Amino acid sequence: MRLRFQVTRRLEPSASMVFFVSVLSLLLAFLVSGLLFAFLGISPLEAYRVFWRGAFGSLYALSETVKRMIPLAIIGAGLAVSFQASVWNIGAEGQMLIGAIVGTWVALFSPLPPSLLLPAMFILGFLGGALWGAFAAWCRNRLAINEIITTLMLNYVAANLVLYLILGPWKGKTVRGFAYTDPFPQEAWLATIGTTRVPLMTFLFAFLAALFCYFLLTKTTFGFELRVVGRGEKAAHLAGIPAQRVVALVLFLSGGLAGIAGVGEVSGIHHMLRHPAHISLGYGFTAIIVAWIARANPLGVLASAFLFGALMSGQDALKVAFGIPFQVMYILNGLVLLFLIASEQLLYYRVTLRVAPWGEKEDEYDRVLD
Amino acid sequence: MKRFAVGVLLVFLLCFGFVALGNTQETKIKAGFIYVGPIGDFGWSYAHDQARRIVDDTYPWLETVYVEAVPEGEVEGVIDRLINQEGVDIVVTTSFGFMDGTFSAAQRYPDKIFFHCSGFKRAPNMATYMADFHQVYYLNGVIAGALTKTGKLGYVGAFPIPELKRHINAFALGARRVNPNAEVLVRWLQTSWYDPAGAKEAAESLIAEGVDVLAFTEDSPTVVQVAAEHGLPSFGHYSPMYKFAPNFVASGQLVHWEAIYFDFFAKVYAGLYTPKNLGNVDYWWLLREGAVELGADFGMPINPVFEDQLKSTIVNDPVYGEISVYDLVFALLKAMADPEYAFSPFTGPIRDRKGHLRVPEGVRLTMDELITMEWAAEGIVGAWPGEPE
Amino acid sequence: MSTIGFWISGVVGRTLAYSVPLLLSTLGEIYAERSGILNLGVEGLMSLGAFSAFAVTFFSGNPWLGVAVSGVVAGCASLVHAFFSVTLRTNQVVSGLALGMLGMGVSGVLGRDFEGKVLATTLPVFRLPFLSALPGFEKHNVFVYVSLGLAVILWFVLFHTRWGIVIRSVGENPAACDAMGVNVTLVRYACVFFGGVLAGLSGGYLSLGYRPSWSYGMTAGVGWLAIALTIFAFWNPFWGMVGAYLFGILYHFSFRFQAQVSPELLNTLPYLFPLVALSFVSRLAARRKVGPPASLGVPYQRGSS
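Residues numbered from 1 in each chain as written. Chains lettered and ligands numbered in written order. Predicted model: local features only at pLDDT ≥ 70, side-chain atom pairs only at ≥ 80, totals over all residues. Heavy atoms only, no water.

Colleague: Can you walk me through the overall build of chain B in this structure?
Modeller: Along the backbone of chain B there are 12 helices and 17 strands. With the C-alpha coordinates of chain B rotated into their principal frame, the extents come out at 95 × 40 × 40 Å. Residues counted as buried form 63% of the 389 residues belonging to chain B. For chain B, the share of sequence-separated contacts (at least 6 apart) that also reach a separation of at least 24 residues comes to 66%. Computing the positive centroid from 30 side-chain charges and the negative centroid from 47, chain B places the two 5 Å apart. (Helix = DSSP H or I, 4+ residues; strand = E, 2+ residues; numbered from the N terminus. Buried < 20%, exposed > 50% of the residue type's maximum accessible area, 1.4 Å probe, protein only. Contact = heavy atoms within 4.5 Å. Lys, Arg positive; Asp, Glu negative; His and termini not counted. Charge placed at Lys NZ, Arg CZ, Asp CG, Glu CD.)

Shown next as structure tokens:
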């Protein structure tokens, strides 16, 4: 006798079913996390309550969630486009840092009048991130270097560049020799919504980026072309689509959006350039997950970015309330991810555990309903 | 009806009286600590958390909570949660990078007390504090200068900022007091305060260049372990690292943040410190105040393994004359720890390695000059980012 | 020994010792990816391995038991990824990242009580005849030799044995393999497991040999570098070895030449070198059609092509 998993394919699930199953899987993930809290000596119910109140329970909690959602959504929208074209940009973290660097330069060292600072920071920050991304495209198109390794390695280069600047030429005059730049002038600070710490402008950018990328993907020729490229360069070649140009534009766009997120962080949150690990809370990497969970749909990215923003914010509340090790958060996130992707498969496939006698032909159990 | 009203009034008064009475008898203060690193890092945040536990255990009227691994930009949000969710009265933020966030929160919560480590921004409800090691490093340098055979000491530093530059300078000055030709070879990590792999390779490359005594600033006992592997003496940093290499940790720098916390919390409890009068409260506590300690382990200023060698090394000291290094260390320790603060490592004349006179004869550097120090003392070899011309 | 000889032996010695975890986890990832499964959880598996090796050695006093457990624990953990990506056919990127997070989280939470603890016994110095007499080979533990030998053996197995052909074919064209009676599921499970074991061992080396101690974050991104090096190596164990040692030597130089070159630039070099090296060879490789396994990241389902 042996155990076998039998997997059969379903037809396209409805939107309401996607929603229902996703919520169910989140609940399941939290149910399992309850064991973790019990293990740590915390009442699971109390933990759920703190998490809920910390992520959604008040205007303040929601604002903390949205604050984290913004960079995730902006970067995630660009990555969704990139993944649709099968361009594996995992360098958003570095592109974001470049945006932050360029934004800092504009804020502190450019001769621009105060009223032009913010627009220039965002435009040049976009360009900085975009060119940093496009460099990976150049490497892929001209030198045939896989963009995964280029973008990944350029993350380290960007982080070292930030360190070089804050320890060297850009080290602030007012920070007593510590590794920070001077604070930005007030004109380079993003206005926040009410008493929250959510910058209004990047909040709008998050929705604009999602809409723009969605429109680009579904309603334009370029969107069609990039999805063909995503099916493979051979297909693109047959269809007469210049794959190299598409790759370059896709990396330009996703890099640029990451750059905007970087400017948003330095001008909306930090008001200075500081250690790379503190500028971004791993947003560039988390956004990869955000884009995948949304199945590379820019509108879906808004939802998954909100989910991850809520996870980060609710976990902050847990940390404050219980003084738990910060690594608990990784376990929580890992569980949520596993349950989410498992549920996604359950939408399409039915998995059943069967006990089958040895020697029986596999085909009988693996009938595929396509 | 009148009687009833009077009765109600009486009950009300009684209740109020009890509440008021209860308050004066059982006032509890709740403090929230915010750390930049994990409390297990065995360095900075670990030391702060050890101190938090000690004061929490000692003061029955004090309750503490903590939040670890808080990114610098997130500190304001964590302060909000500590105050609104946990109801803390005092917020302690323990990283320079928390300064602006703490300062801004101090404006928004004028009736709460804020206590920020290593910064310089203060407010009526925000005080600052720091325990500094430069005296201890000077003593470590004296020991190192006597222990080295090659005349080359090694120093692994995390980031080239004034705090480390001050410490390395003190280390070099101390070493050259007993060994005028000693050199301090410096390697920087420039990645993170916690980088064991970097610390290991930096220490190895120093040893390959002939270094035979090691000191460092990084949040793990790596350098101590590497030195021991090569049979070389080293100096522990921040935490008692004796146990990682009992035969090789000669001494080290130990911190007692609780000394500062005891004082501060007690004064808040007694009503001496209020959210109105902290504008000039700045602790800069050293050996004298017991905020730092010389030692491989608590209560072990010099590892007994090295006692004989240090006792038999006689130097001709400009102040103490013919004296063994062992006695010199304790003489200097006494001079630095005395209430009159009889000796400072940064007393002129001191030249930097480019030959400029940095501290004129008879002058002692002020605290402000110490915490903005960028120059490199004579005898330091290696990159020194931000070195003034 | 002459100064030059001393210098060379120092550089070789540090490179060998530093590169071990990078090399081991790269070799493991190469095998997983060759079978068609992208495992992005290497960093978490390493952390699990480092923690479990330390904890077991701490209690048992036997580092060899610790080594064994680190491999088994990480190998079993990687089966979670295999289950999701092979059996459930989920997205490999997400399930790998999730596994990585779980690995970091579990080792971090369980490892709390072991931070700052001291081991009574660690991996001893291991000497091989002849090899240990070479400059730079003098004082190492067994991992240094095993990883070096494994690189050669795994290269041989992958390109010159039937097993190697099967693994590579499963990664290229699972449908054809299936038709020929190869158990695609089994091969992929085995390769992911093997990759997990090597990642775990590289963690065990860190906590028992390289720097005998456990603290969270000691893996320091090596798991991510392994994923990059796998691509750099064109999924070939031999080039994986070259890449790992090149990275190691540059990392060592970043401290060796600090007096001469700015530290920031030196810190960047190890990450730039793969790009520079690839800029010379990638076009050649593309012309020879050396690329990623054709089915890398694509779940296999019988009957659908």
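Colleague: Hey, could you run me through the nonpolar core in this one?
Modeller: All names here are of chain B. One finds Trp 257, Tyr 261, Phe 264 and Phe 265 to be the most contacted residues of the largest nonpolar core, which totals 346 residues. Counting the residues that make up this core, at least three belong to each of domain 1 (25-121 + 257-285) and domain 2 (134-254 + 291-381). Ranked by size, the runner-up nonpolar core spans 19 residues in total, among them Val 75, Ile 79, Val 91 and Ala 123. (Core = buried A, V, L, I, M, F, W, Y, C linked by side-chain atoms within 4.5 Å. Domains from an automatic or database assignment.)

Colleague: Can you help me understand the confidence of the model for chain B in this one?
Modeller: Caution is warranted with low-pLDDT regions, since their predicted coordinates should not be read in detail. Residue and element names in this part refer to chain B. Scored by pLDDT, chain B comes out at a mean of 92, with 93% of its residues at no less than 70. Considering each helix and strand of chain B separately, the mean pLDDT is smallest for helix 1 (residues 2-25), with a value of 47, and largest for strand 3 (residues 90-93), with 98. Note on residues 8-25: pLDDT under 50 across the span, and 1 contact to partners over four residues away in sequence or across chains. (pLDDT = per-residue confidence, 0-100.)

Colleague: Sorry if this is basic, but what is going on with the interface of chain C and chain A here?
Modeller: Put simply, an interface is often sized by how much accessible area is lost when its parts join up. The interface is formed by 45 residues belonging to chain C together with 44 residues belonging to chain A. Across the chain C to chain A interface the summed buried area is about 4200 Å²; carbon plus sulfur atoms make up 76%. Counting across the chain C and chain A interface gives 0 salt bridges. For the side of chain C that touches chain A, the secondary-structure elements that each account for two or more residues are helix 3 (63-87), helix 4 (92-110), helix 9 (222-232) and helix 11 (263-287) of chain C. A total of 13 residues in the side of chain C that touches chain A trace back to one element, the largest contributor, which is helix 4 of chain C. (Buried area = accessible area lost by both parts, 1.4 Å probe. Salt bridge = Lys/Arg side-chain N within 4 Å of Asp/Glu carboxyl O.)

Colleague: Could you clarify how one ought to interpret the sheet that holds strand 2 (residues 62-67) of chain B in this entry?
Modeller: Hydrogen bonds along the backbone pair up the strands of a sheet, which may run parallel or antiparallel. Residues and elements named next belong to chain B. The strand order across the open sheet built from 6 strands is 2-1-3-4-5-11, with neighbouring strands paired in parallel fashion. The strands lining the two open edges of the sheet, one partner per strand, are strand 2 and strand 11 (282-285). Neighbour-to-neighbour, the strand axes of this sheet turn through a mean angle of 20°, independent of strand direction. Of the pairings in the sheet, the one linking strand 5 (residues 126-131) to strand 11 comprises 4 bridges and is parallel in character. Its bridge partner being in strand 11, Tyr 129 is matched across the sheet by Tyr 283. Packed on one face of the sheet, helix 2 (residues 44-58) meets strand 1 (29-34), strand 2, strand 4 (113-117) and strand 5 and runs near 160° to strand 2. On top of the sheet, helix 3 (residues 75-84) reaches strand 1, strand 2, strand 3 and strand 4; it is set at about 160° to strand 1, its chief contact. (Pairing = 2+ DSSP bridges. Axes fitted to C-alpha atoms, helices over the stretch in contact; angles between N-to-C directions.)

Colleague: How do you make sense of helix 8 (residues 184-210) of chain C when you look at a structure like this?
Modeller: It helps to recall that an α-helix has 3.6 residues per turn; residues three or four apart then point in one direction. All names here are of chain C. Relative to the 39 Å expected for 27 residues at 1.5 Å per residue, helix 8 spans 37 Å between its end C-alpha atoms, a close match to the ideal helical length. In terms of burial, helix 8 is a largely internal element, 21 of the 27 residues being buried. Two to three positions downstream of the cap, the backbone nitrogen of Thr 185 sits 3.2 Å from a side-chain oxygen, assigning the N-cap of helix 8 to Asn 183. (Expected span 1.5 Å × (residues − 1). Polar contact = N/O pair within 3.5 Å; in protein donor to acceptor, adjacent residues only side chain to side chain.)

Colleague: Whenever I open this one, the domain arrangement of chain B confuses me. Can you help?
Modeller: All names here are of chain B. Each domain of chain B was delimited in the assignment, giving domain 1 (25-121 + 257-285) and domain 2 (134-254 + 291-381). Taking only C-alpha atoms, the centre of domain 1 and the centre of domain 2 are 30 Å apart. Across the contact, 12 residues belong to domain 1 and 14 residues belong to domain 2. Taking both sides of the interface into account, the surface hidden between domain 1 and domain 2 amounts to around 1100 Å²; carbon and sulfur atoms contribute 69%. Considering only the surface of domain 1 that becomes buried against domain 2, Phe 42, Trp 44 and Trp 284 emerge as the three largest contributors, covering 57% of it.

Colleague: What is the right way to look at the side chain of Asp 317 of chain B in this model?
Modeller: Locating Asp 317 of chain B in the fold gives a position in strand 13 (residues 314-317). Of note is the side chain of Asp 317 of chain B, whose polar atom sits 3.0 Å from the backbone nitrogen of Tyr 320 of chain B.

Colleague: In this structure, what is going on with the state of the cysteines? I would like to understand it.
Modeller: By definition, a disulfide is the covalent link that joins the sulfur atoms of two cysteine residues. All names here are of chain C. The final tally for this structure, using the stated rule, is 0 disulfides over all chains. Free of any disulfide, Cys 177 has its nearest neighbouring cysteine sulfur in Cys 191, separated by 11 Å. According to the relative accessible area criterion, Cys 177 is buried, its value standing at 5%. (Disulfide = S-S within 2.5 Å.)

Colleague: Honestly, the side chain of Thr 222 of chain B in this entry has me stumped. Any pointers?
Modeller: Relative to the helices and strands, Thr 222 of chain B is located in helix 8 (residues 222-229). Its relative accessible area of 0% is what places Thr 222 of chain B among the buried residues. Within the structure, the side chain of Thr 222 of chain B is placed 3.1 Å from the side chain of Arg 211 of chain C, a separation counted as a polar contact. Sequence-distant contacts of Thr 222 of chain B, defined by excluding residues within four places in its chain, comprise Pro 196, Ala 199 and Lys 200 of chain B together with Arg 211 of chain C.

Colleague: Would you take a moment to explain the interface of chain C and chain B for this structure?
Modeller: The interface is formed by 26 residues belonging to chain C together with 33 residues belonging to chain B. Of the roughly 2400 Å² buried between chain C and chain B, counting both surfaces, carbon and sulfur atoms make up 50%. On inspection of chain C and its partner chain B, the count reaches 4 salt bridges. Close ionic contact of Glu 201 of chain B with Arg 14 of chain C constitutes a salt bridge, the shortest N to O distance being 2.9 Å. On the surface where chain C and chain B come into contact, there are 15 residue pairs in polar contact (both at pLDDT 80 or more). Counting residues per element, the side of chain C that touches chain B draws most heavily on helix 10 (residues 237-256) of chain C, which supplies 4 residues.

Colleague: I would appreciate a short explanation of helix 1 (residues 3-34) of chain C in the present structure.
Modeller: Residue and element names in this part refer to chain C. With 32 residues, helix 1 extends 44 Å between its outermost C-alpha atoms, agreeing within 8% with the 46 Å of an ideal straight helix rising 1.5 Å per residue. The sharpest bend along helix 1 reaches about 45° and sits at Ser 19, with the proline Pro 21 one to four residues further on. With 26 of 32 residues buried, helix 1 lies mostly within the body of the structure. One or two residues past the end of helix 1 sits Gly 36, with phi positive at roughly 105°. (Bend = angle between axes of the 7 residues up to and from the residue.)

Colleague: What should I look at first to understand the environment of Leu 131 of chain A in this one?
Modeller: Residues and elements named next belong to chain A. Mapped onto the elements, Leu 131 comes out in helix 5 (residues 114-143). What makes Leu 131 exposed here is its relative accessible area of 54%. Each C-alpha atom of the pair Leu 131 and Leu 253 lies 9.2 Å from the other, and the pair is 122 residues apart in sequence.

Colleague: Is there a simple way to explain the packing of aromatic side chains in this structure?
Modeller: For any pair of aromatic rings, geometry is given as the distance between the ring centres together with the angle between the planes. Counted under the stated rule, the structure contains 73 aromatic pairs over all chains. Measuring from ring centre to ring centre gives 5.0 Å for Phe 133 of chain B and Tyr 238 of chain B, while their planes differ by 70°; the resulting arrangement is edge-to-face. Of this pair, Phe 133 of chain B sits in the loop between strand 5 and helix 5 (134-147) while Tyr 238 of chain B sits in strand 9 (residues 234-238), and the two are 105 residues apart along the sequence. The exposure classification of Phe 133 of chain B matches that of Tyr 238 of chain B, with both residues buried. With 5.6 Å between their ring centres and 75° between their planes, Phe 247 of chain C and Tyr 271 of chain C make a pair best called edge-to-face. Pair noted here: Phe 247 of chain C is in helix 10 and Tyr 271 of chain C is in helix 11, with a separation of 24 residues, a long-range link. When sorted by exposure, Phe 247 of chain C lands in the same class as Tyr 271 of chain C, which is buried. A cation over a ring is seen here: Lys 200 of chain B above Tyr 210 of chain C, with NZ or CZ 4.7 Å from the ring centre. (Phe/Tyr/Trp six-rings, centres within 6.5 Å; stacked < 30°, edge-to-face > 60°. Lys NZ or Arg CZ within 6 Å of the ring centre and 35° of its normal.)

Colleague: Which parts of the structure should I look at to understand unusual backbone geometry?
Modeller: Only a minority of non-glycine residues have a phi that is not negative, and only a minority of peptide bonds are not trans. Note the cis peptide between Gly 348 of chain B and Pro 349 of chain B, where omega equals 5°. You can see Pro 349 of chain B is positioned in the loop between helix 11 (325-337) and strand 15 (350-351). Phi at Arg 176 of chain A takes a positive value of approximately 55°, unusual for a residue other than glycine. Turning to its location among the elements, Arg 176 of chain A is positioned in the loop between helix 6 (147-167) and helix 7 (200-219). Although it is not a glycine, Phe 234 of chain C adopts a positive phi angle of roughly 50°. By the element assignment, Phe 234 of chain C lies in the loop between helix 9 and helix 10.

Colleague: For this particular structure, what's the right way to read the packing of helix 12 (residues 283-293) of chain A against helix 4 of chain C?
Modeller: What describes two packed helices is the angle between their axes and the distance between those same axes. Closest axis-to-axis distance for the helix 12 of chain A/helix 4 of chain C pair is 10 Å, and the angle between their directions is 135°. For the element pair helix 12 of chain A / helix 4 of chain C, the angle class is oblique. Relative to helix 4 of chain C, the crossing made by helix 12 of chain A is left-handed. On the side of helix 12 of chain A, the interface is formed by Ile 288, Ile 289, Trp 292 and Ile 293 of chain A, while helix 4 of chain C contributes Val 93, Val 94, Leu 97 and Met 101 of chain C. (Parallel < 35°, antiparallel > 145°, perpendicular 65-115°, else oblique. Left-handed = near helix turned anticlockwise from the far one by under 90°.)

Colleague: What is the right way to read the environment of Leu 225 of chain C from this model?
Modeller: Examined against the element boundaries, Leu 225 of chain C turns out to sit in helix 9. Residues Leu 225 of chain C and Val 86 of chain C, spaced 139 residues apart in sequence, show a C-alpha to C-alpha distance of 24 Å. With residues near it in sequence (within four places) discarded, Leu 225 of chain C still touches Met 153 and Tyr 156 of chain A together with Leu 22, Phe 247 and Tyr 271 of chain C.

Colleague: Can you help me understand the environment of Glu 115 of chain C in this one?
Modeller: Within the fold, Glu 115 of chain C resides in the loop between helix 4 and helix 5 (142-160). Judged by relative accessible area, Glu 115 of chain C falls into the buried class, the value being 13%. Put simply, Glu 115 of chain C and Ala 53 of chain C are 62 residues apart on the chain and 13 Å apart in space, counted from C-alpha to C-alpha. Apart from residues no more than four positions distant in its own chain, Glu 115 of chain C is found in contact with Gly 40 and Asp 41 of chain B together with Trp 214, Ser 215 and Tyr 216 of chain C.

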